[in-house]
Amino acid sequence: ELGKLLDLNSNSKFVHPDLGQFACLGGLWYWLCGDQDDKLRTLCGSKLRYECRGYKTHQVEGFHTIIAEATWYKVIQNQKIIDLMIASDSEMPFKCYYLHTDLHSAIVHKNNSWYMPILEEIRSVLKKNNDILTAGVTNGKTISPDDLITPNFDFVKK
């Protein structure tokens, strides 16, 4: 279930504070690297893939960092993803793949090497924040937003 929710094209509305609302991360991706057609803000899944076939895209400076931050916003705006990430086993690394039905196999996606560390960082931060909140409740402390940790995406190539 977590993998499906984290899929770039899964229907998981979020608001990026600088770029606005999107129905999925893939919509932001295509919007950012394309001609910023606002129709892409509302599409997800196969409708998004169909709409974007043949789209001309261009390089965007800081693209990976933008996607990392957008992923953080997507996750923290979806309680189900937060809960599943906190409950997930940190010893089981994330992997980005697609199922090739003709070959009956899973094929690792080309974005796996740079995108999975982003998800690992987000999971780590969520687990640490959960520990902070749990300790606060147990010890009767009031936790402020300043007490919580945010992801550090300095490792992402700019």
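In what follows, the accompanying structure is described. All values reported here derive from a predicted model rather than from experimental measurement.

Some words on the nonpolar core
Consideration 1: Within the largest apolar cluster, 42 residues are counted, with the highest numbers of intra-cluster contacts made by Met85 and Tyr115.
Consideration 2: Those elements that provide at least two residues to this core are helix 1 (2-6), helix 2 (25-33), helix 3 (45-52), helix 4 (63-76), helix 5 (79-87) and helix 6 (112-139).
Consideration 3: Considering each element in turn, this core owes the most residues, eight residues, to helix 6.
Consideration 4: With residues up to four places along the chain from it excluded, the contact list for Met85 reads Leu2, Leu6, Val75, Phe94, Leu119, Ile122, Arg123, Leu126 and Lys127.

Considering helix 2
For an α-helix, 3.6 residues make a turn, and residues three or four places apart therefore share a direction.
Consideration 1: Most of helix 2 sits out of view: eight of its nine residues are buried.
Consideration 2: Inspection of helix 2 places Leu25, Gly26, Gly27, Leu28, Trp29, Trp31, Leu32 and Cys33 among the buried residues, and these make up the whole buried set.

Notes on the packing of helix 4 against helix 5
Consideration 1: In contact at an axis separation of 6 Å, helix 4 and helix 5 are set at 100 degrees when each is read in the N-to-C sense. Accordingly, the angle class assigned to the pair helix 4 and helix 5 is roughly perpendicular. Contacts from Lys74, Val75 and Ile76 of helix 4 reach helix 5 at Ile81, Ile82 and Met85.
Consideration 2: Across the contact of helix 4 with helix 5, the residue classes tally to five nonpolar, no polar and one charged.

Here we look at unusual backbone geometry
Consideration 1: Unusually for a residue other than glycine, Gln36 sits at a positive phi of about 55 degrees.
Consideration 2: When you line up the elements, Gln36 lands in the loop between helix 2 and helix 3.
Consideration 3: Overall, the relative accessible area of 41% leaves Gln36 in the partly exposed class.

Some words on the environment of Val75
Consideration 1: Assignment of secondary structure puts Val75 in helix 4.
Consideration 2: Among the residues examined, Val75 registers a relative accessible area of 0% and is labelled buried.
Consideration 3: Sequence separation between Val75 and Ser90 is 15 residues; the distance between their C-alpha atoms is 17 Å.
Consideration 4: The contacts of Val75, once residues within four sequence positions are left out, are Leu6, Ile81, Ile82, Met85, Ile122 and Leu126.

Quick look at the packing of aromatic side chains
Consideration 1: Overall, the coordinates contain seven aromatic pairs when judged by the stated rule.
Consideration 2: Between the aromatic rings of Trp114 and Tyr115, the centroid separation amounts to 5.7 Å while the plane-to-plane angle is 70 degrees, which identifies the pairing as edge-to-face.
Consideration 3: Of the residues examined, Tyr115 reaches a relative accessible area of 4% and is grouped as buried.
Consideration 4: Taken together, a centroid distance of 6.4 Å and an interplanar angle of 65 degrees make the contact between Phe153 and Phe155 edge-to-face.
Consideration 5: Judged by relative accessible area, which is 10%, Phe153 ranks as buried.
Consideration 6: Put simply, the rings of Trp29, Phe63, Trp114 and Tyr115 touch in pairs and so form one group of aromatic residues.
Consideration 7: A cation over an aromatic ring shows up here: Arg41 above the ring of Trp31, its NZ or CZ 4.6 Å from the ring centre.
Consideration 8: Above the ring of Tyr50, the side-chain terminus of Arg53 is found at 3.8 Å from the ring centroid.

Cut-offs applied
- Residues numbered from 1 in each chain as written.
- Predicted model: local features only at pLDDT ≥ 70, side-chain atom pairs only at ≥ 80, totals over all residues.
- Heavy atoms only, no water.
- Core = buried A, V, L, I, M, F, W, Y, C linked by side-chain atoms within 4.5 Å.
- Buried < 20%, exposed > 50% of the residue type's maximum accessible area, 1.4 Å probe, protein only.
- Helix = DSSP H or I, 4+ residues; strand = E, 2+ residues; numbered from the N terminus.
- Contact = heavy atoms within 4.5 Å.
- Axes fitted to C-alpha atoms, helices over the stretch in contact; angles between N-to-C directions.
- Parallel < 35°, antiparallel > 145°, perpendicular 65-115°, else oblique.
- Nonpolar A, V, L, I, M, F, W, Y, C, P; charged D, E, K, R; others polar.
- Phe/Tyr/Trp six-rings, centres within 6.5 Å; stacked < 30°, edge-to-face > 60°.
- Lys NZ or Arg CZ within 6 Å of the ring centre and 35° of its normal.

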